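Single-letter residue listing:
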Amino acid sequence: MAMRQTPLTCSGHTRPVVDLAFSGITPYGYFLISACKDGKPMLRQGDTGDWIGTFLGHKGAVWGATLNKDATKAATAAADFTAKVWDAVSGDELMTLAHKHIVKTVDFTQDSNYLLTGGQDKLLRIYDLNKPEADPKEISGHTSGIKKALWCSEDKQILSADDKTVRLWDHATMTEVKSLNFNMSVSSMEYIPEGEILVITYGRSIAFHSAVSLDPIKSFEAPATINSASLHPEKEFLVAGGEDFKLYKYDYNSGEELESYKGHFGPIHCVRFSPDGELYASGSEDGTLRLWQTVVGKTYGLWKCVLPEEDSGDLAKPKISFPETAEEELEEIASENSDSIYSSTPEVKA
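What counts, and at which threshold
- Residues numbered from 1 in each chain as written.
- Predicted model: local features only at pLDDT ≥ 70, side-chain atom pairs only at ≥ 80, totals over all residues.
- Heavy atoms only, no water.
- UniProt positions renumbered as here; feature names shortened; annotations may be inferred.
- Phe/Tyr/Trp six-rings, centres within 6.5 Å; stacked < 30°, edge-to-face > 60°.
- Helix = DSSP H or I, 4+ residues; strand = E, 2+ residues; numbered from the N terminus.
- Buried < 20%, exposed > 50% of the residue type's maximum accessible area, 1.4 Å probe, protein only.
- Lys NZ or Arg CZ within 6 Å of the ring centre and 35° of its normal.
- Pairing = 2+ DSSP bridges.
- Axes fitted to C-alpha atoms, helices over the stretch in contact; angles between N-to-C directions.
- Contact = heavy atoms within 4.5 Å.

For the protein chain, the name recorded in an unreviewed UniProt entry is Serine-threonine kinase receptor-associated protein, with Phocoena sinus as its organism. Its UniProt record gives the protein chain the following Sequence similarities (unreviewed entry) comment, quoted word for word: "Belongs to the WD repeat STRAP family."

Undergrad: Tell me about the packing of aromatic side chains, and please be specific about residues and values.
TA: Counted according to the given criterion, the structure contains 10 aromatic pairs. Ring centres of Phe182 and Tyr202 lie 4.6 Å apart, and the angle between their planes is 45°; this geometry places the pair in the tilted category. Taken together, the residues Phe182 in the loop between β17 (175-181) and β18 (186-192) and Tyr202 in strand β19 (residues 197-202) connect sequence positions 20 residues apart. In this structure Tyr202 comes out as buried when scored by relative accessible area, which is 15%. Ring-pair connections join several aromatic residues into one group, and the members of that group are Phe208, Phe220, Tyr248, Tyr250 and Tyr252. Residue placement shows Lys104 over the ring face of Trp63; its charged tip is 4.6 Å from the ring centre. Lying across the ring of Tyr252, Lys218 places its NZ or CZ 4.2 Å from the centre.

Undergrad: Break down unusual backbone geometry for me, citing the residues and quoting the values.
TA: Phi at Ala71 takes a positive value of approximately 60°, unusual for a residue other than glycine. Along the chain, Ala71 falls in the loop between β6 (62-67) and β7 (73-78). Residue classification places Ala71 among the buried residues on the basis of a relative accessible area of 11%.

Undergrad: Before we move on, could you go through the UniProt feature "repeat: WD" (unreviewed entry) in the protein chain and cite the residues and values that matter?
TA: In the numbering used here, UniProt assigns the "repeat: WD" (unreviewed entry) feature to residues 55-96, 96-137, 139-179 and 261-293. As annotated, residues 261-293 has a helix share of 0% and a strand share of 58%, and its two end C-alpha atoms lie 12 Å apart.

Undergrad: Tell me what's going on with the sheet that holds β19, and back it up with residues and numbers.
TA: Taken together, 4 strands build an open sheet; the order of strands is β18-β19-β20-β21 and the sheet is antiparallel. The sheet is open, and its two edges are formed by β18 and β21 (216-221), each paired on a single side. Direction aside, neighbouring strands of the sheet carry axes that sit 15° apart on average. Pairing analysis gives 6 bridges linking β19 to strand β20 (residues 205-210), with the strands arranged antiparallel. When the sheet's bridge partners are listed, Ile197 is paired in β20 with Ser210.

Undergrad: Could you give an account of the side chain of Thr294, naming the residues involved and the relevant values?
TA: As for its placement among the helices and strands, Thr294 is situated in the loop between β28 (289-293) and α1 (326-336). The class for Thr294 is buried, based on a relative accessible area of 4%. With sequence-adjacent residues up to four places away left out, Thr294 is seen in contact with His232, Phe237, Lys249, Phe273, Gly277, Glu278, Leu279 and Tyr280.

Undergrad: Tell me about the sheet that holds strand β8 (residues 82-87), and please be specific about residues and values.
TA: On the basis of which strands lie adjacent, the open sheet formed by 4 strands has the order β6-β7-β8-β9 and antiparallel pairing. Taken across any chain shown, the strands that pair with only one partner, and hence form the sheet edges, are β6 and β9 (93-98). Adjacent strand axes in the sheet meet at a mean angle of 15°, parallel and antiparallel pairs treated alike. Across 5 bridges, the pairing between β6 and β7 is antiparallel. Directly across from Val62, in β7, lies its bridge partner Ala78.

Put into structure tokens, the structure is as follows:
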């Protein structure tokens, strides 16, 4: 009997969700940050979608968001010509990094000492977060606005994408090593450190390249225009979403489509696997994030596997329960922190 995928819906944003990122696994679990055109990036518990806080301070749409490895810092990129660095534990703004145009992407080094940014002014910038008053290092060479920029190869190299080009840079010399040109717009890019794999989406294509040499590994074609794709940490599956509101799951080795789900009410802009590979998150034009199980029917997070009644076909339904005092505690936190990052509590729905 087939098991039904039941996503968890994380509401709270009021405009399209355009980027999301997971932290690494910490002693407190792992965390999820989302970037939204409402200008209010949100932090959530990664395995349940429970809202933790909202970072308030940007004056325009937030296009990019990331967490450092241990989820102690967050960084955001926005249309107000700034990137901001936040204390992800307290929610305090640590610094504002002024740019000359819209900022689209941010990424921390592994030690969290440097921040890489990119945006509409076609420049890559590297900020020393221990010397925020110092001018950033700048790398020029892109011919259109930068959509994504990522550290790779233990922070020795940088990968960046503009409209139709992906470039590999050497951090030490600040020079271009190699580039890839595409015949249509690059919609997303993901770097997988284990195995040095680069995932690129453009049109209906999902392409895998070596992050070291940019040599092609393999590629798949999807039934619709794809905006984002993510490779499972064990490299067993990949998931992708795009313009037809659907999420697709493929076997990485064979390319076979394993599942597809229509769970959003608008195009999907971003999708990422959690660091443990147990779920993947999607963000959409409809203003929601949704969490999906990698293995449907497994007890994990808010999902609890319940044995069905005869022929009920209802095997994997999320059961959501809170301690009796949870709602009161959340209200107290919201009122105590009305002037900080915390605002009204978004819901997580089955």
